[in-house]
Amino acid sequence: MSASRRRGTTDELGPDEPERGAGTPAPDPADPADPAGPTAGADEPERDDSDLLAALLDGMDAALCAFDADGVVTHWNREAERILGWTATEAVGRHGFAGWAVRTADAEEVEGRLLSAMHAPGRQVHEFALLTKDGGRVLVRTQSAAVRGPDGKPAGVYCAFSEVHAQIDLERSIALSEALFEDAAWGVLLVDADLRPAVVNAHAARSLGIGRTTVLGRPLGELLTQGVEELESALTHVLAEGAPPAPAEIWVGVRTPDGEKRRCWRSGFLRLASPLAEEPVPLGVGWLFRDVTEAKQSEQEAALLRFRTNQLHRATRAAAECEDPAEAATVHLDFSLAGFADHAIVDRVAPGPAADADAPVRLVRAAATPSGAPGPSHLTGHAGLPVRYPEGHPALQCVDRAGSVRASADTTTPEIARAWATARQWPPETVHALCTVLRSRGRTLGVVTFLRGTGRTQFERPDASYAEDVAARIAGALDLAGLVAE
């Protein structure tokens, strides 16, 4: 019998036999009237009940074992034998699991948790590792409950257990998914094969500036104003080829209550396939991202500052080689344009009485970069004719304020932008301007104007700081050249 082993009279299921006196004759097995004959034997019902119990236990899909009140194994079915490799003959009669079914260091804890069911109501559920006969380790989930004797007192414990690797893996996957979608500090989107969001966590919804349910099923072009093509290209690549080896940094435009904002999202991608299909069936792409805009902007600003500092140093060295101070001024102007502006103009305050009187300031073109073609700056304005700037021109405002002035065109239509630039005596493609005053030895010498064309961003405060450094060097060169109002 594989499920259990009878242990003395305590396992007998039949009634006790009456004691026979010394003069009582021995029973005749052939006599059907004799109570001890073949039709009334006490052993036969017990054998039938025990065989039935063994068959029931062995037919269960779950592994079953039982312990008496002392912790000795009394039952062990075939599923327990299959999982752990120990036969019923080897298991029944052992005290607990120590030294064979669990590690010695864990035996006391495991035994205590199992036998605690004798004194607890209902079933107790535990998870721990058991050892197989060949030395392997199996993670099981147990359900144990007390077995009561005829007097109602605990007589032992039965325990059902099964392998839970697959179940634990599933539960962990579900828990991880829920944690990612609820508590993660980065955005998580599941994008289907049509490149539309199917599941979105709270962080991603906040980053997109839209509700979690509103975003579902909408094209990415409706959610982002910039970076859509790059993002869709990455998602398509992942669907076809799999995840890239490293995260990608994608700049996107996001609509916010304060207007459109440009953000940098460091993104990772995972191709999702159905685990139930014989061949991989694409379910979409898992897109995880974090907003690294501030870090990227800091990196870019630091790199830009290093580049501009290097340009100023190179310009100073090149200008020192010029014999003509006026030529040195154009050298500073040329070096300043790299990565900063498309064109530059230097206007000096016109000499004469108007320079010291209360009359409006007149500006004469001193130098300019060529418009429409690359090339070095050249000196102009030898005739000394003032530039016909209209009232309120940014260059005139710059001289009046003795500070920097920024201006940008209305780019609603190209015609409006061209008219704006032409009216200010600038190249027609200009859409952004930064005017910085030229001062030397406490005097205002003129103004330098940096211009950016279509497709460039407008000038910011850090740009004004760099322009002031360039203006100081140009002003010093013009002062030495004598191209100032006396």
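As shown above, the structure is provided for reference.
All residue numbers refer to position in the chain's written sequence, counted from 1. Reporting in this predicted model follows two pLDDT cut-offs: at least 70 for local features of residues, and 80 or more for side-chain atom pairs to be given and counted; totals over whole chains, interfaces and linings ignore these cut-offs and use all residues. In computing side-chain properties, one takes all heavy atoms of the structure into account and sets aside hydrogens as well as water.

Engineer: Mind laying out the pattern of salt bridges, listing which residues take part and the relevant values?
Structural biologist: Note on pairing: side chains with opposite charge can pair once their charged atoms come close. Salt-bridge detection follows one rule: a side-chain nitrogen of Lys or Arg within 4 Å of a carboxyl oxygen of Asp or Glu. For the coordinates displayed, the defined rule picks out 17 salt bridges. A salt bridge links Arg-103 to Asp-106, with the nearest nitrogen and oxygen atoms 3.0 Å apart. With a closest N to O distance of 3.1 Å, Arg-263 and Glu-294 form a salt bridge. Taken together, the residues Arg-263 in strand β10 (residues 259–273) and Glu-294 in helix α9 (residues 293–320) connect sequence positions 31 residues apart. Several salt bridges share partner residues, and in doing so they unite Glu-249, Arg-266, Lys-296 and Glu-299 into one network. By definition, any uninterrupted DSSP run of H or I lasting at least four residues is a helix, any uninterrupted run of E lasting at least two residues is a strand, and each is numbered from the N terminus.

Engineer: Tell me what's going on with helix α10 (residues 325–337), and back it up with residues and numbers.
Structural biologist: Expected span of a helix: the number of residues minus one, times 1.5 Å. The terminal C-alpha atoms of α10 lie 19 Å apart, and with 13 residues this matches the ideal 18 Å at 1.5 Å per residue to within 8%. Accessible area is worked out with a 1.4 Å probe on protein chains only. A residue is then buried under 20% of its type maximum, exposed over 50%, and partly exposed in between. Among all positions in α10, only Ala-326, Ala-328, Ala-329, Thr-330, Val-331, His-332, Leu-333, Ser-336 and Leu-337 are buried. The backbone nitrogen of Ala-326 lies 3.0 Å from a side-chain oxygen of the residue at the head of α10, namely Asp-324. Gly-339 sits one or two positions beyond α10 and adopts a positive phi of about 70°. Counting of polar contacts relies on pairs of N or O atoms within 3.5 Å, with two restrictions inside protein: one atom must be capable of donating a hydrogen and the other of accepting it, and residues adjacent in sequence are counted only when both atoms are side-chain atoms.

Engineer: Tell me about the side chain of Asp-463, residues and numbers included.
Structural biologist: Within the secondary structure layout, Asp-463 lies in helix α13 (residues 461–481). Exposure remark for Asp-463: the relative accessible area of 7% places this residue in the buried category. Contact definition: two residues touch when any of their heavy atoms are within 4.5 Å. Setting aside residues up to four positions removed in sequence, Asp-463 forms contacts with Arg-308, Phe-340, Leu-434, Arg-452 and Gln-458.

Engineer: Before we move on, could you go through the layout of surface pockets and cite the residues and values that matter?
Structural biologist: Estimates place the volume of the largest pocket at around 1,000 Å³. Those elements that place two or more of their residues in the lining of the largest pocket are β10, α9 and α13. Looking at the lining of the largest pocket element by element, the count peaks at 8 residues for α9. Put simply, Ala, Val, Leu, Ile, Met, Phe, Trp, Tyr, Cys and Pro go in the nonpolar bin, Asp, Glu, Lys and Arg in the charged bin, and everything else, Gly too, in the polar bin. Classifying every residue of the lining of the largest pocket gives 6 nonpolar, 8 polar and 10 charged. Put plainly, a pocket is an open set of points on a 1 Å grid over the protein atoms alone with protein on both sides within 12 Å along at least five of seven lines, a cavity is a set where a 1.4 Å probe fits but cannot get out, and a lining residue has an atom within 4 Å of a point. Grid points are joined across faces, edges and corners, and a volume is the space filled by probe spheres set on the points.

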